[in-house]
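Listed here are the chains, written in short residue letters.
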Amino acid sequence: MQELDYRRKVTVMLAIMAALLFASINQTIVGTALPKIIAKLGGMDYYSWVFTIYMLTSSIATILVGKLSDMYGRKPFILIGLGVFVVGAFLCGTSRTIFELILYRGIQGAGAGVIMSTAFTSIADLFAPRERGRWQGLMSSVFGLASVFGPVLGGYIVDNADWHWVFWVFLPFGIIAIGMIYWLFPRAVHREKQTVDYWGSLLITTTMVPFLLAFSWAGTKYEWTSLTILGLFAFTLVSFLLFIYVEKQARNPVIPLHLFRNDIFTISNVIGFIVGAWMYA
């Protein structure tokens, strides 16, 4: 794909950046708007679940789709991710109860995870190594823009319009991005059929879900030393150890563990983890 016309590649990247902005700003815009949304829908006890479910589904989708898009190409997955996210955003705006909002936010999160995973990996498909750093920086700047612009816009909307528009205001951008990516993003080169690591996919899911739940509930719903929290951490540890064992045996692992032998790969991921934790906190 790197031999494509440069103007076409830039246009595709602008569409992908628009999709990423659509996904990231929908997270930050909800932060300031949610108190008024909860005042309308009720369910204050489930306030944190609007964020927690989004993080759960997006985290799982990011890892699983990252591997699948390596096998089957980026284009179908980024289109699916955008489609799921647009549907989820529309449904969130139709919510009548807090439980409907949580369910639809879960759908949104799954779409966002697919978008975030395929957006960054698309850079490697379109550009040579010497150009990738610049585009990764531009892509990352989208999160900075969303973190500044989103909360202000969220507060403005709930103060001056119906709260439903928090979720609907950017729907046209998502639809436009789908059209641009569909027409401009090149088809993937046919790859030899590979096996899907189902056990690895299951175990990474059973590692991440209880881990995130433990940190979401500890100190609020349950004590840190409660049986529930300790049980979730124990389940996480067991699943993680089984995941490592399965990945060492898998022919086509979800996460190739040999990559962590590379210091640059390991350090970059540790830094990315710290930055991500700081940003979401």
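Please refer to the structure higher up on the page.
The rules behind these values
Residues numbered from 1 in each chain as written. Predicted model: local features only at pLDDT ≥ 70, side-chain atom pairs only at ≥ 80, totals over all residues. Heavy atoms only, no water. Helix = DSSP H or I, 4+ residues; strand = E, 2+ residues; numbered from the N terminus. Buried < 20%, exposed > 50% of the residue type's maximum accessible area, 1.4 Å probe, protein only. Contact = heavy atoms within 4.5 Å. Areas by Shrake-Rupley, 256 points an atom, 1.4 Å probe, with all protein chains shown as cover. Lys, Arg positive; Asp, Glu negative; His and termini not counted. Charge placed at Lys NZ, Arg CZ, Asp CG, Glu CD. Axes fitted to C-alpha atoms, helices over the stretch in contact; angles between N-to-C directions. Parallel < 35°, antiparallel > 145°, perpendicular 65-115°, else oblique. Left-handed = near helix turned anticlockwise from the far one by under 90°. Nonpolar A, V, L, I, M, F, W, Y, C, P; charged D, E, K, R; others polar. Core = buried A, V, L, I, M, F, W, Y, C linked by side-chain atoms within 4.5 Å. Expected span 1.5 Å × (residues − 1). Phe/Tyr/Trp six-rings, centres within 6.5 Å; stacked < 30°, edge-to-face > 60°.

Honestly, the overall build of the protein chain in this entry has me stumped. Any pointers?
Helix and strand counts for the protein chain stand at 10 helices and zero strands. Along the protein chain, helices (α) and strands (β) appear in the sequence α-α-α-α-α-α-α-α-α-α when read from the amino end. If you line up the protein chain on its principal axes, its C-alpha atoms span 55 × 45 × 30 Å. Classification of the 281 residues of the protein chain by burial places 43% in the buried group. Across the protein chain, the fraction of contacts at a sequence separation of at least 24, relative to all contacts at a separation of at least 6, is 78%. On the protein chain, roughly 15,300 Å² of surface is accessible, and the fraction owed to carbon and sulfur atoms is 69%. Across the protein chain, 20 positive and 14 negative side-chain charges occur, with their mean positions spaced 6 Å apart.

Just checking my understanding: could you explain the packing of helix H8 (residues 198–217) against helix H9 (residues 227–249) for this structure?
The relative placement of two packed helices is expressed as an angle between their axes plus a distance between the axes. Two numbers describe how H8 lies on H9: the axes approach to 8 Å, and their chain directions differ by 155°. If you check the angle between H8 and H9, you find them roughly antiparallel. In this structure, H8 crosses over H9, and the sense of that crossing is left-handed. Contact with H8, carried on its side by Trp199, Gly200, Leu203, Ile204, Thr206, Thr207, Pro210, Phe211, Leu213, Ala214, Phe215 and Trp217, involves Ile229, Leu232, Phe233, Phe235, Thr236, Ser239, Phe240, Leu242, Phe243, Val246 and Glu247 of H9 and no other residues of that element. Looking at the contact of H8 with H9, its residues break down into 17 nonpolar, five polar and one charged.

In this structure, what is going on with the nonpolar core? I would like to understand it.
Considering soluble globular proteins, one finds that nonpolar side chains tend to be buried as a cluster. Among the nonpolar cores identified, the biggest contains 54 residues, and Ile16 and Leu101 are the most heavily contacted of them. If you list the elements that add at least two residues to this core, you get helix H1 (6–41), helix H2 (49–72), helix H3 (74–93), helix H4 (98–126), helix H5 (129–160), helix H6 (165–168) and helix H7 (171–184). With 17 residues, the single largest contributor to this core is H1. By size, the runner-up hydrophobic cluster in this structure holds seven residues, among which are Leu56, Leu213, Ala214 and Ile229.

For this particular structure, what's the right way to read the environment of leucine 41?
Its location among the elements puts leucine 41 in helix H1. As for leucine 41 and threonine 97, which are separated by 56 residues in sequence, their C-alpha atoms are 5.3 Å apart. In this view, leucine 41 contacts Ser95, Arg96, Thr97, Ile98, Leu101 and Trp163; residues no more than four positions away in its chain are not counted.

Help me understand the environment of tyrosine 46 in this model?
With respect to the helices and strands, the residue tyrosine 46 is situated in the loop between H1 and H2. The partly exposed category is assigned to tyrosine 46, whose relative accessible area is 36%. It is 8.6 Å that separates the C-alpha atoms of tyrosine 46 and isoleucine 102, two residues lying 56 residues apart in sequence. Excluding residues that lie within four positions of it along the chain, tyrosine 46 makes contacts with Ile98, Phe99 and Ile102.

Explain H9 to me, please; I cannot follow it from the model alone.
Think of an α-helix as 3.6 residues a turn; residues three or four steps apart then line up on the same face. For H9, which comprises 23 residues, the first-to-last C-alpha distance of 33 Å matches the rise-based estimate of 33 Å (1.5 Å per residue) to within 8%. Along H9, the residues that are buried comprise Ile229, Leu232, Thr236, Ser239, Phe243, Val246 and Glu247. On its buried face, H9 is in contact with H8.

Can you help me understand the packing of aromatic side chains in this one?
Across all of its chains, the model carries 17 aromatic pairs by this definition. Between the aromatic rings of phenylalanine 170 and phenylalanine 173, the centroid separation amounts to 5.6 Å while the plane-to-plane angle is 50°, which identifies the pairing as tilted. Overall, phenylalanine 170 belongs to the buried group, its relative accessible area being 13%. For phenylalanine 173, a relative accessible area of 47% translates into the label partly exposed. A ring pair is formed by phenylalanine 260 and phenylalanine 265, whose centres lie 5.1 Å apart and whose planes are at 80°; its orientation type is edge-to-face. The class of phenylalanine 260 is partly exposed, set by a relative accessible area of 41%.

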